[in-house]
Amino acid sequence: MGNNENLPLFGTYPAKGRVPFRVFAATIFTGICLIFVYRTRFMPAKEEVGRRAWIGLFLTEIWFTIYWFITLVVRWNPIYRHTYKDRLSKRYDEKILPGIDIFVCTADPTVEPPVMVINTVLSAMAYNYPPEKMSVYLSDDGGSDLTFYALLEASRFAKHWLAFCHKFKVEPRSPDAYFRTASQPVDEEFTSIKKLYEDMKTRIERTTKEGRVSEELRKQQKGFREWDLVSCKRDHQPIIQILIDGRDPKAVDSEGQRLPTLVYLAREKRPQHHHNFKAGAMNALIRVSSRISNGDIILNVDCDMYSNNSDSIRDALCFFLDEEKGHEIAFVQFPQHFRTSLRTMFTAVELAGLDSNGGPCYIGTGCFHRRESLTGKTYKEATKQDGKSKNVKTKTRESVDILEEACKALATCTYEQNTQWGKEMGLKYGFPVEDIATGLGIHCKGWRSVYFFPERKGFLGAFPKTLIQTLVQHKRWADGDFQIFLSRLCPLLHGFKKIPTGLQISYCIYFLWPINCLALYYVLVPPLCLLRGISLFPEMSNPWILPFVYVFLGNRAYGLVELLLCGGTLQEWLNDQRMWVYKRTTSYLFATIDNFVKILGFTKAGFNLTAKVADEDVSQRYEQELIEFGTSSPMYTILATIALLNAFCFVVGLKRLILDQQPLALNSFVLQTVLCGLLVFINLPIFQALFLRKDKGRMPTSVMYQSIMFTLAGCSIALY
């Protein structure tokens, strides 16, 4: 036992293959330098046609080099962690383990279906952790009685589900995910619990479809009386209902084991008060939970991201409770994983790279926080406190009714007036990406964070099922990230001498996303110059072509290897290449425009929910990995125009190569033609949606006509 007390609760190890990667990076850098030499040495004279296009391409390549350097800083020395849960169990008795408060946030039952929300809640309630130490809070920013009804149903079903999970040690512990993936045994208990779930699901879906809770159901719980005073979701009093009181010895499951506390919260909303979106909801949860359970550790998850690993809490505690380094850690960030072949933009390598430079950023979900770090304390202030005196719970037990009323004052619109909430306390206000801003603020207060990638995924979420939802979501993220970069919270200024230089630069890998819209120049100007007969690249026989080919193919090959090592597939890599083009030519372009429009004072920041539900036919096409278009959008018009323009120029380029009497090796248009061909291949789903598909997910006819018109206009301008 003595030896065990001296052993760390987690280990750190560097990523494999760093030396080959650094050698590869050096060769890429050499290739980039040679490209710059070529651009400056062979730049057209002032009177020559194509000089402006050449300079524009050169400036674009300079920017991509700067961004490549930022990604190099992130990927230079990534580190990974592993935990020793067996040591945690031996060292800490369950009675002295810290309390855990789990926050689940939802905002609209029409976009985020109540059935999905309660599956996330039930998975959070079923962690392999002492239930009396857990409290689960659902923040309903939509203030919907439909969501409250669903949670009420879940609180009753939990008595059976939690007992089933603990008895049979099932994974995952989201009922929907478990029954969807589990092989059905001939077992009475399995059949019984599945029927209970399906009956509950049917009742919730029927009520949600009707759009109202029946009077008969309302009479079953006093909490429904609160909605007698609600005029609309943007104008209502604070609603707090403790559906399961974990302090009550009678709150037990069907096997007689204690149940965790379960709380419903809809903070006050008034039209004259800004509610600060998800950040405001999280801050209300922090205050209300401090009055009810006051857990030392806070886990927050999005309502569509269920727990996939029942030991995630114990994994996180291995970092917080480590005697040597645990006191430094403000939050433990798990990766985002989705139930789809598409990958998240927060790759394993990026977060692991940030970890080596001082700590990963906070990405808004799947994150365990030390409560002190969210209440405004700096690392130095927290370490001055006596650890034994932290989080002393009162022995006085208030009734549920008194506790609910007392907490309402903490969830009013006016509570935060003339306070530091949203500034130095809680999540930061004023940015669409409150999570990144909050994490940066915590780092600047002296805390560090860690990234943990467990063997079994900790959380699984739902990815948008249509392309426009994905592009709009990335536009919002890029918009918010760029806002931070242009604000007083810019890591290069606000983080100066507060966080390591490597971490300052690493944050920019997200904050500078929008400027990558310069890729639009690379997909438009070379094909138009090809159409006009202006060469922008060397001939195939010219040795100067080698750095261009090596840098392009080398980076693509590295991306493929990195994805495969992280468990991806070739198809996922191809999807990433498509999304690389789609995001940079639409999402990042609109994010850049929006930021400059905001700087001029014409618009204010907003927040749009991404739909987590889709029609059945949309879901079927999604499962078939068909890209869903279906609606008109300026983003689709841009994508279709780029695809058609490159297709037309590719045909012209091939004609030029075939009919030209010069040998192919001496033709200076080969590389431009190949570039157009690659973009045609990347955009094959666009062509299918424009001309071949007959389902409802095809590209709208209006988009097709608009893109043809813009393509003809662009070609006409280039030719004449």
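1. Section: the overall build of the chain
A count of helices and strands for the chain gives 27 helices and 12 strands. Here the C-alpha radius of gyration of the chain, 28 Å, is about what a compact globule of 720 residues would show, namely 27 Å. Principal-axis analysis of the C-alpha atoms places the extent of the chain at approximately 90 × 60 × 60 Å. Every one of the 720 residues in the chain was classed for burial, and the buried ones make up 57%. Of the roughly 31,900 Å² of accessible surface on the chain, 58% is carried by carbon and sulfur atoms. Across the chain, the 86 positively charged side chains and the 72 negatively charged ones have centroids separated by 5 Å.

2. Some details on the packing of aromatic side chains
Per the counting criterion, the structure on display carries 44 aromatic pairs. The interplanar angle of 50 degrees and the centroid separation of 6.4 Å between the aromatic rings of Phe224 and Trp227 together place this pair among those described as tilted. Just above the ring of Phe552 sits the side chain of Arg556; from NZ or CZ to the centre is 5.5 Å. Against the face of Phe681 rests Arg578, its NZ or CZ located 6.0 Å from the ring centre.

3. Overview of the sheet that holds strand 4 (residues 134–140)
Sheet architecture is open: 8 strands sit in the order 5-6-4-3-7-10-9-11, paired in mixed fashion. Taken across any chain shown, the strands that pair with only one partner, and hence form the sheet edges, are strand 5 (239–244) and strand 11 (448–451). Between one strand axis and the next, the sheet turns through 20 degrees on average, direction left out of account.

4. Quick word on helix 25 (residues 670–682)
Under the 1.5 Å per step criterion, the end-to-end length of helix 25 is 18 Å for 13 residues, consistent within 8% with the ideal 18 Å. Counting buried positions over the 13 residues of helix 25 gives 10, a clear majority of the element. Buried within helix 25 are the following residues: Val670, Leu671, Gln672, Thr673, Leu675, Cys676, Gly677, Leu679, Val680 and Ile682. Those residues of helix 25 that are buried lie in contact with helix 20 (519–532), helix 21 (545–565), helix 22 (570–599), helix 24 (634–659) and helix 26 (684–692).

5. Examining the state of the cysteines
Taken as a whole and judged by the stated rule, the model has 0 disulfides. Residue Cys105 stays outside any disulfide, its sulfur separated by 8.4 Å from that of Cys303, the closest cysteine. By relative accessible area, Cys105 is classed as buried at 11%. Unpaired in this structure, Cys517 has its nearest cysteine sulfur neighbour in Cys508, at a distance of 16 Å.

6. A look at the side chain of Lys428
As for its placement among the helices and strands, Lys428 is situated in the loop between helix 15 (400–408) and helix 16 (434–444). Salt bridges are absent for the buried Lys428, whose nearest opposite-charge side chain, Glu424, sits at 4.6 Å. Among the polar contacts listed, one links the side chain of Lys428 to the backbone oxygen of Lys423, at a separation of 2.6 Å. When sequence neighbours within four positions are dropped, the list of residues in contact with Lys428 reads Ala279, Gly422, Lys423, Glu434, Ala437, Thr438, Gly441 and Leu489.

7. Considering helix 10 (residues 277–292)
With 16 residues, helix 10 should cover 22 Å at 1.5 Å per step; its first-to-last C-alpha distance of 23 Å lies within 8% of that length. Among the 16 residues that make up helix 10, 13 are buried, leaving the element largely enclosed by the rest of the structure. The first or second residue beyond helix 10 is Asn294, which carries a positive phi of 55 degrees.

8. Regarding the confidence of the model for the chain
In this model, the chain carries an average pLDDT of 91, and 94% of its residues clear a pLDDT of 70 or more. In the predicted structure, residues 341–346 sits below a pLDDT of 50 and forms 22 contacts with residues beyond four places in sequence or in another chain. Across residues 386–395 the pLDDT falls below 50, and counting only partners more than four positions away or on other chains, this stretch makes 8 contacts in the model.

9. Focus on the packing of helix 24 against helix 25
Two quantities define a packed helix pair, namely the angle between the axes and the distance from one axis to the other. Put simply, helix 24 and helix 25 touch, their axes get as near as 9 Å, and they point 145 degrees apart. Handedness of the crossing formed by helix 24 with helix 25: left-handed. Mapping the contact onto sequence places Asn646, Ala647, Cys649, Phe650, Gly653, Leu654 and Leu657 in helix 24 and Val670, Thr673, Cys676, Gly677, Leu679 and Val680 in helix 25. Considered class by class, the residues forming the contact of helix 24 with helix 25 number 9 nonpolar, 4 polar and no charged.

What counts and what doesn't
- Residues numbered from 1 in each chain as written.
- Predicted model: local features only at pLDDT ≥ 70, side-chain atom pairs only at ≥ 80, totals over all residues.
- Heavy atoms only, no water.
- Helix = DSSP H or I, 4+ residues; strand = E, 2+ residues; numbered from the N terminus.
- Rg over C-alpha atoms; globule rule 2.2 N^0.38 Å.
- Buried < 20%, exposed > 50% of the residue type's maximum accessible area, 1.4 Å probe, protein only.
- Areas by Shrake-Rupley, 256 points an atom, 1.4 Å probe, with all protein chains shown as cover.
- Lys, Arg positive; Asp, Glu negative; His and termini not counted.
- Charge placed at Lys NZ, Arg CZ, Asp CG, Glu CD.
- Phe/Tyr/Trp six-rings, centres within 6.5 Å; stacked < 30°, edge-to-face > 60°.
- Lys NZ or Arg CZ within 6 Å of the ring centre and 35° of its normal.
- Pairing = 2+ DSSP bridges.
- Axes fitted to C-alpha atoms, helices over the stretch in contact; angles between N-to-C directions.
- Expected span 1.5 Å × (residues − 1).
- Contact = heavy atoms within 4.5 Å.
- Disulfide = S-S within 2.5 Å.
- Salt bridge = Lys/Arg side-chain N within 4 Å of Asp/Glu carboxyl O.
- Polar contact = N/O pair within 3.5 Å; in protein donor to acceptor, adjacent residues only side chain to side chain.
- pLDDT = per-residue confidence, 0-100.
- Left-handed = near helix turned anticlockwise from the far one by under 90°.
- Nonpolar A, V, L, I, M, F, W, Y, C, P; charged D, E, K, R; others polar.

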